[in-house]
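Residue-level listing of the chains:
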Protein chains: 2
Amino acid sequence: MISDKMKAFVNSSSAIRAMFEEGKRLAEIYGAENVYDFSLGNPSVEPPSEIKEALIEVLNEENPNMVHGYMNNSGYEDVREKIALSLNKRFDTNFGLENIIMTVGAAGGLNVILKSLLNPGDEVITFAPFFGEYRNYVSNYDGHLVIVPPNCETFQPDLEEFEKSITAKTKAVIINSPNNPTGVVYSEDTICKLAKILNRKQQEYNKSIYLISDEPYRELVYDDLEVPYLTKYYDNTIVGYSYSKSLSLPGERIGYLVIPGEVDIYEDLVAAANVATRILGFVNAPSLIQRAVAKCLEAKVDVEIYNRNRELLYNNLVSYGYECVKPQGAFYLFVKALEQDDKKFAQEAKKHNILIVPGSAFGCPGYVRIAYCVDYEMIKRALPGFEKLAKEYGR
Amino acid sequence: MISDKMKAFVNSSSAIRAMFEEGKRLAEIYGAENVYDFSLGNPSVEPPSEIKEALIEVLNEENPNMVHGYMNNSGYEDVREKIALSLNKRFDTNFGLENIIMTVGAAGGLNVILKSLLNPGDEVITFAPFFGEYRNYVSNYDGHLVIVPPNCETFQPDLEEFEKSITAKTKAVIINSPNNPTGVVYSEDTICKLAKILNRKQQEYNKSIYLISDEPYRELVYDDLEVPYLTKYYDNTIVGYSYSKSLSLPGERIGYLVIPGEVDIYEDLVAAANVATRILGFVNAPSLIQRAVAKCLEAKVDVEIYNRNRELLYNNLVSYGYECVKPQGAFYLFVKALEQDDKKFAQEAKKHNILIVPGSAFGCPGYVRIAYCVDYEMIKRALPGFEKLAKEYGR
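Residues numbered from 1 in each chain as written. Chains lettered and ligands numbered in written order. Predicted model: local features only at pLDDT ≥ 70, side-chain atom pairs only at ≥ 80, totals over all residues. Heavy atoms only, no water.

In the nomenclature of an unreviewed UniProt entry, chain A is known as Aminotransferase of Herbinix luporum. Of chain A, the UniProt comment under Cofactor (unreviewed entry) reads exactly: "pyridoxal 5'-phosphate". (UniProt positions renumbered as here; feature names shortened; annotations may be inferred.)

A.B. asks: Hey, could you run me through the overall build of chain A in this one?
C.D. replies: What chain A contains, in helices and strands, is 13 helices and 12 strands. Its C-alpha atoms put chain A at 60 × 55 × 50 Å along the principal axes. Looking at chain A as shown, the accessible area adds up to about 14900 Å², and 48% of this sits on carbon and sulfur atoms. Here chain A contributes 42 positive and 54 negative side-chain charges, whose respective centroids are spaced 5 Å apart. (Helix = DSSP H or I, 4+ residues; strand = E, 2+ residues; numbered from the N terminus. Areas by Shrake-Rupley, 256 points an atom, 1.4 Å probe, with all protein chains shown as cover. Lys, Arg positive; Asp, Glu negative; His and termini not counted. Charge placed at Lys NZ, Arg CZ, Asp CG, Glu CD.)

A.B. asks: What's the story with the pairing of strand S7 (residues 237-242) of chain A in this structure? I'm lost.
C.D. replies: For a regular strand, side-chain orientation follows a simple rule: the groups alternate between the two sheet faces. Residues and elements named next belong to chain A. For S7, the tally of buried residues reaches 6 of 6 residues, placing the bulk of the element in the interior. Both faces of S7 are covered, namely the face carrying Thr237, Val239 and Tyr241 and the face carrying Ile238, Gly240 and Ser242. As judged from the 4 bridges shared by strand S6 (residues 210-214) and S7, these two strands associate in the parallel manner. Directly across from isoleucine 212, in S7, lies its bridge partner isoleucine 238. Relative to strand S8 (residues 255-258), S7 runs antiparallel, the two being bridged by 4 bridges. In the strand pairing of S8, tyrosine 241 is matched with tyrosine 256. (Buried < 20%, exposed > 50% of the residue type's maximum accessible area, 1.4 Å probe, protein only. Pairing = 2+ DSSP bridges.)

A.B. asks: Can you walk me through the pattern of salt bridges in this structure?
C.D. replies: Under the defined criterion, the tally for this structure stands at 44 salt bridges over all chains. Of the charged contacts, one joins Arg291(A) and Asp78(A) as a salt bridge, the two residues approaching to 2.6 Å between their closest N and O atoms. Linking Arg291(A) in helix H10 (residues 287-294) with Asp78(A) in helix H4 (residues 77-91), this pair joins segments that are 213 residues apart in sequence. Between Arg278(B) and Glu133(A) there is a salt bridge whose closest N-O contact spans 2.8 Å. In this pair, Arg278(B) sits in helix H9 (residues 266-279) while Glu133(A) sits in helix H6 (residues 133-140), so the two residues belong to two different chains. On the basis of relative accessible area, Glu133(A) is assigned to the buried category, the value being 11%. Where salt bridges share partners, they join Asp223(A), Arg310(A), Glu311(A) and Lys326(A) into one cluster. (Salt bridge = Lys/Arg side-chain N within 4 Å of Asp/Glu carboxyl O.)

A.B. asks: Help me understand the UniProt feature "domain: Aminotransferase class I/classII large" (unreviewed entry) in chain A in this model?
C.D. replies: The residues that UniProt annotates with the feature "domain: Aminotransferase class I/classII large" (unreviewed entry) are residues 34-383 of chain A. Taken end to end, residues 34-383 of chain A has its terminal C-alpha atoms 12 Å apart, with 38% of it in helix and 15% in strand.

Right under this line is the structure:
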């Protein structure tokens, strides 16, 4: 009696619940400190102290009816202006407040932009491995997600396959760099080639194809790597950003969309995104936290903490015989499973109280995702289990 | 190139924008204090001081990774537990945390429940006049909104017409009491009769019909009126609540759904609502404000301020010859336009710098909505304009 579309979800969500319950069961048997949960992308590093200070400052100094009240569906104008200027400073772009729409996290932003763009049957391309929710977001608007198979050598997008996957029905492409689940950052060379293909295909089909850059991990990069800002490489680019990871605020649901003036349907798209924000029930991004993040645009979490986790886990896993592309960003390792069946491998890991997510969940079977946004000491405690697991597979 | 569904919205949203621009233009010509904007339902009364105290207490005393972090898609368990207990105390209900799902305001909650319930072509009934967004929320999931014509004598629902409007395709009924735009509270007698009809029709069609009670105005009632709690009258009831008006927090996007154990698909519906919260991109209701409202469940805005506005505006308008059912709740007057064409009448009002919304926007032409969630002094300044307007129409 629930909707047909939701029935399948409810069945699979009970599988996830079962996994969660299993984790709780293990913790009860072995003690919470002896269960190693690497399954969740929930930031472990504290929000920067500026956030608390900014929140209290807003509460003490600004008019409460303004701070907690309705504003334009796009968000406070002064907040959007500050974000635009900060982007311009960092990336040498040319945005104004009219290019920024505050959203309920990146998830809200992606839904808003897909609702704005998609007709039933439209195709949206993404690259495996990918954040599994893309499938659901596209399906919400009766679009069809087309998946480009992975290049497992580098986990850079396979551009030859990409070009083949573009059809007259292609409306948008979603990319995610730094990537969940691989931690790979798409290189400038990759982006240039991708833009070239898109431009060529736009001409070939005489239609627009929108590049949606999902960037919740933009600030989490290591070794001083630069992440190219995509609007500079391809005109029909829309950016979806979130403060969930950069400021460790995932529960607050705060992010924004950038719709540059270069987008060929700029005016209609901004108007549509406004309406979509309203009618999807977001109405606006939460107000107090909008005002607070605008005061913290230079702040970010201490990435060095994630970096230490990355080095510890990566170096040890490789020394045990695991294969993995060293992540350049985000807080995930995407490790080759030691047997073909990644789900079975995740089950084997669980025997060592190690909880990891099969790569199938990201459209890339044969791998597992290990989230290292966890306590450093937990990683240390888990290492012997990873080593034993490798030995069981003859490494 | 934006989606077909959005094209119509963008056209009509530019009409709204034009109205907004017109207000700004008037303010520039005549001065902001000489323009009387009664068009918006944005609470004018300050949030109770407990809210600020609670926010600061949470920030100072609770772990920031917990306060700003992900939790279950349904919200924090302790928050949901407190809300359930508070409802039980007030309404003699029997809810637990498992009946409460925190939502991104009532708008988010309605979208979640409609996504969970509707198949394409399903019918959802509501009573004119109604909050215009219902049409969009239902259309988001390819449902069809069926409108029961108004009873303009009392603005209680017309139950005879209601019964006739129920078909084999009816999946849900949305009611909104205290009502936007009329301010009318549906009486216990009305609710009992409505429940009886629904039960009879469930049997007749051998299918379930869900009653969705949209209750953002529950706490804004006058003259010590009791608003019946609907889950006690009809088993298949789902409540959508919001703190937007009761605590003057509309920008924070915080509310909840109540799914009672008596709902015949309780387990599936809770599971579906969880998934819908996630895949629609809400993920969860904003976290800090969840924790804060849980500390303020006894607090509410000073309703007496709205009551003073109500008395001032109602008594004077009636004395000028306007016709209006005296509102028992919310902060709107729904006044009979002094000519048949409500849009034209609203234009005439604008000549006196009075901004009001035509009833057509609420499925009830021939009336206008006057929102009195405004400054008392502004009402006083606007009264001569209302009087002149009445005189122009020969009152």
